[in-house]
Each structure stands twice: as C-alpha cells, then as structure tokens.
Amino acid sequence: NAGVTQTPKFQVLKTGQSMTLQCAQDMNHNSMYWYRQDPGMGLRLIYYSASEGTTDKGEVPNGYNVSRLNKREFSLRLESAAPSQTSVYFCASSEWTDYYEQYFGPGTRLTVT
Amino acid sequence: QKEVEQDPGPLSVPEGAIVSLNCTYSNSAFQYFMWYRQYSRKGPELLMYTYSSGNKEDGRFTAQVDKSSKYISLFIRDSQPSDSATYLCAMRGGTSYGKLTFGQGTILTVHP
C-alpha cells in the first residue's frame, strides 16, 4: 500500500499562474482533506470532503478550489497564485471512526514568486 | 485568539529527560484529543489519542486531558534522539466529523 500520495513534491510558480495539486489514497477512506502548513501556524484546513461527491470549506479556503474526482482522488487548484500561498500543502485521508485518524501524504512545497 | 494554543518552542533536552508538551484550548465542545508527530520534511502521523478527560499511557508516552481546565499534555519519558520531531496537538468536537483543529506544533530536539 502506498497510503496517501501527492504530486508534485516541489513547485515554483509566478504570481498569477495556476496549478493543480493532486492527491490519491489507496486505503478506501471516505474522507479526504487539504491543509497548508506555515511556520508558527500549525496545520490549517483549506477544504475537506467528508465523502465522495461532497466538499466543504475549512478555515482558509480563499484562493483555492477542490474537486473530489472519485473516492480515491482529491485535487486542490490555485486559480491565480499569490505569494501568500507559498506554503507546504498536505493532503490527508481518514475513515469514519471515533478518532478519524488522519493519514497524511508527504507534502508539496510550493513557492510563489 | 486561536481555538488551540501550543507553545512552538523550540525545546531542547538531553537524552533520558522527561519531556512535557502542552496545549490549551477554548472550545468546550472538543471531546477527542490527539497528538501527532511530524519528522522533518514528512507528513504528520498519529501518535496518541484520548477521549474526554483522563490519562492514557503507551510505552514511554502518556497523554493527559483536563477538560475542566481546557488543558492537554503529552509526556515523554526517557526521551531518545529519535523523538526529535515537531509534536502537534489536535482536537475535534463530537459532531465535527473529521475536522480537526491543530495547535501550532512544538519543535523538540533530544540531544545525545
């Protein structure tokens, strides 16, 4: 099992460019999440998908869109990148249990210049 | 004010020391409490979880929750260099499904 995979691992964008971060999980989990991690800020939830076919905003959704393509895949799109979106992005998945243990991918390091 | 506050450190201790990591929170609806460990340039992984108040022990790790004080702790006994990582507390309410609120993370270094 690969767990949660993310592509790309690194990306540099210019302000105004767009890109899509890809995430896939092979654990048959219902729920998937996108976080960003900035120094001193911990993990902040951007969007989540409780189940296939549903998506909801998290704490910091502005400037992002998501697509739950199927049960395995959950993508995050930046339509017009801004320097404030420079961050490390993590995708995670979980099953519907008491603790909703979240399994994280290795992250995508994004720099917007 | 953030819902969950965690001292970011950094914390540096000698091998064998007892480490105490703490978080405070303001949302009384939180019922499930977790600690995640994150090694450098990796994704976080679940270390321990507890429900409501009380203690839970797993090897060298003990998690404590005091809901009356809105305070949670993680203790690491006989700390090892391999414990060097960022530790993030996380919590959720009973009806928030998978949505977790994370603390800022504490950077811990255990030196030989």
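This text follows the structure it describes.
Residues numbered from 1 in each chain as written. Chains lettered and ligands numbered in written order. Predicted model: local features only at pLDDT ≥ 70, side-chain atom pairs only at ≥ 80, totals over all residues. Heavy atoms only, no water.

1. Some thoughts on the overall build of chain B
Next up, step 1: Summing up its helical and strand segments, chain B has 0 helices and 11 strands in all.
Next up, step 2: Going from the N terminus to the C terminus, chain B shows its helices and strands as β-β-β-β-β-β-β-β-β-β-β.
Next up, step 3: Its C-alpha atoms give chain B a radius of gyration of 13 Å, near enough to 13 Å, the size a compact globule of 112 residues would have.
Next up, step 4: Dimensions of chain B, computed from the C-alpha atoms along their principal axes, are close to 45 × 30 × 25 Å.
Next up, step 5: With 112 residues in all, chain B has 45% of them scored as buried.
Next up, step 6: Long-range pairs, those at least 24 residues apart, make up 55% of the contacts in chain B with a sequence separation of at least 6.
Next up, step 7: With an accessible surface of roughly 5,300 Å², chain B has 48% of that area assigned to carbon and sulfur atoms.
Next up, step 8: Where the 11 positive side-chain charges of chain B centre and where its 10 negative ones centre are 8 Å apart. (Helix = DSSP H or I, 4+ residues; strand = E, 2+ residues; numbered from the N terminus. Rg over C-alpha atoms; globule rule 2.2 N^0.38 Å. Buried < 20%, exposed > 50% of the residue type's maximum accessible area, 1.4 Å probe, protein only. Contact = heavy atoms within 4.5 Å. Areas by Shrake-Rupley, 256 points an atom, 1.4 Å probe, with all protein chains shown as cover. Lys, Arg positive; Asp, Glu negative; His and termini not counted. Charge placed at Lys NZ, Arg CZ, Asp CG, Glu CD.)

2. Digging into the interface of chain A and chain B
Next up, step 1: Opposite the 22 residues of chain A that make contact, chain B presents 22 residues.
Next up, step 2: Together chain A and chain B conceal approximately 1,800 Å² of surface at their shared face, both sides included; 59% is due to carbon and sulfur atoms.
Next up, step 3: Seen at the junction of chain A and chain B, the total is 0 salt bridges.
Next up, step 4: Counting across the chain A and chain B interface gives 2 residue pairs in polar contact (both at pLDDT 80 or more).
Next up, step 5: When residues of the side of chain A that touches chain B are traced back to their parent elements, those giving at least two are strand S4 (31–38) and strand S5 (42–49) of chain A. (Buried area = accessible area lost by both parts, 1.4 Å probe. Salt bridge = Lys/Arg side-chain N within 4 Å of Asp/Glu carboxyl O. Polar contact = N/O pair within 3.5 Å; in protein donor to acceptor, adjacent residues only side chain to side chain.)

3. Describing the side chain of Arg44(A)
Residues and elements named next belong to chain A.
Next up, step 1: The topology assignment puts arginine 44 in strand S5.
Next up, step 2: Overall, the relative accessible area of 16% leaves arginine 44 in the buried class.
Next up, step 3: Within the local environment of arginine 44, its side chain forms a polar contact with the side chain of aspartate 38, the two groups lying 2.8 Å apart.
Next up, step 4: With sequence-adjacent residues up to four places away left out, arginine 44 is seen in contact with Trp34, Tyr35, Arg36, Asp38, Glu59 and Val60.

4. A word on the packing of aromatic side chains
Next up, step 1: Enumeration according to the criterion identifies 11 aromatic pairs over all chains in this entry.
Next up, step 2: Plain terms: the ring middles of Phe104(A) and Tyr36(B) are 5.8 Å apart, the flat faces sit at 85° to each other, and that makes the pair edge-to-face. Linking Phe104(A) in strand S10 (residues 103–104) with Tyr36(B) in strand S4 (residues 30–38), this pair reaches from one chain into another. Comparing Phe104(A) with Tyr36(B) shows no difference in burial state: the two are buried.
Next up, step 3: Both rings, one in Tyr32(B) and one in Tyr51(B), keep their centres 4.9 Å apart while their planes meet at 45°; by these two values the pair is tilted. Of this pair, Tyr32(B) sits in strand S4 while Tyr51(B) sits in strand S5 (residues 45–51), placing them 19 residues apart in sequence.
Next up, step 4: Assessed through its relative accessible area of 45%, Tyr51(B) is described here as partly exposed.
Next up, step 5: Put simply, the rings of Tyr33(A), Tyr35(A), Phe90(A), Phe104(A), Tyr36(B) and Phe102(B) touch in pairs and so form one group of aromatic residues. (Phe/Tyr/Trp six-rings, centres within 6.5 Å; stacked < 30°, edge-to-face > 60°.)

5. Details of the sheet that holds strand S1 (residues 4–7) of chain A
All names here are of chain A.
Next up, step 1: With respect to topology, 4 strands assemble into an open sheet ordered S1-S3-S8-S7, the strand pairing being antiparallel. The sheet is open, and its two borders are formed by S1 and strand S7 (64–68), each paired with just one other strand. Between one strand axis and the next, the sheet turns through 15° on average, direction left out of account.
Next up, step 2: Pairing geometry for strand S3 (residues 19–25) and strand S8 (residues 74–78), over 3 bridges, is antiparallel. Paired with leucine 21 across the strands is leucine 76, a residue of S8. (Pairing = 2+ DSSP bridges. Axes fitted to C-alpha atoms, helices over the stretch in contact; angles between N-to-C directions.)

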